[in-house]
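Observations on the three-dimensional arrangement
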Amino acid sequence: AEGAAYCADTIHHFFSKQNTKEAIILQMPGRPGFDRFLRRLEFWGINYQAHNISETVFDYASVTFGRIATDREAFKMYHICPQNK
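Re the environment of Phe-58
- Residue position: Phe-58 is located in helix H3 (residues 55-65).
- Phe-58 gets classed as buried once you look at its relative accessible area, which sits at 3%.
- Separated by 48 residues in the primary sequence, Phe-58 and Thr-10 place their C-alpha atoms 24 Å from one another.

Observations regarding the packing of aromatic side chains
- Taken as a whole and judged by the stated rule, the model has five aromatic pairs.
- In textbook terms, an aromatic cluster arises when at least three aromatic residues are bridged by ring pairs, as seen for Phe-34, Phe-37, Tyr-48 and Tyr-78.

Notes on H3
- Of the residues making up H3, those classed as buried are Phe-58, Ala-61 and Ser-62. Each buried residue of H3 lies within a common arc of 100° when the element is viewed along its axis, so the set occupies one face. What points out from H3, more than 90 degrees from its buried face, is the exposed set Thr-56, Tyr-60 and Val-63.
- Gly-66 lies just past H3 and shows a positive phi near 90°.

A few points about the state of the cysteines
- Taken as a whole and assessed by the stated rule, the structure comprises zero disulfides.
- In this structure Cys-7 is a free cysteine whose sulfur lies 16 Å from that of Cys-81, the closest cysteine sulfur available.
- Overall, the relative accessible area of 36% leaves Cys-7 in the partly exposed class.

Rules used throughout
Residues numbered from 1 in each chain as written. Predicted model: local features only at pLDDT ≥ 70, side-chain atom pairs only at ≥ 80, totals over all residues. Heavy atoms only, no water. Helix = DSSP H or I, 4+ residues; strand = E, 2+ residues; numbered from the N terminus. Buried < 20%, exposed > 50% of the residue type's maximum accessible area, 1.4 Å probe, protein only. Phe/Tyr/Trp six-rings, centres within 6.5 Å; stacked < 30°, edge-to-face > 60°. Arc of directions from axis to C-beta. Disulfide = S-S within 2.5 Å.

This is the structure:
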């Protein structure tokens, strides 16, 4: 769960120091510790929106990273952007 905070801090770094405009991650919202990730984004004032992922995105992620799960409904796509965007 500590890694979740580090991940959010890394995203904050890229937004504040590297002029990154957005980040997109695929994640299982029910995964232990993910709530910490979202709270840390909120701490930094970073906006996010959760979206259902399409079958195409799920299949592409499975090809790219190996079979990630059997149920795409378990995943969400999180679009993350700085507050001022």
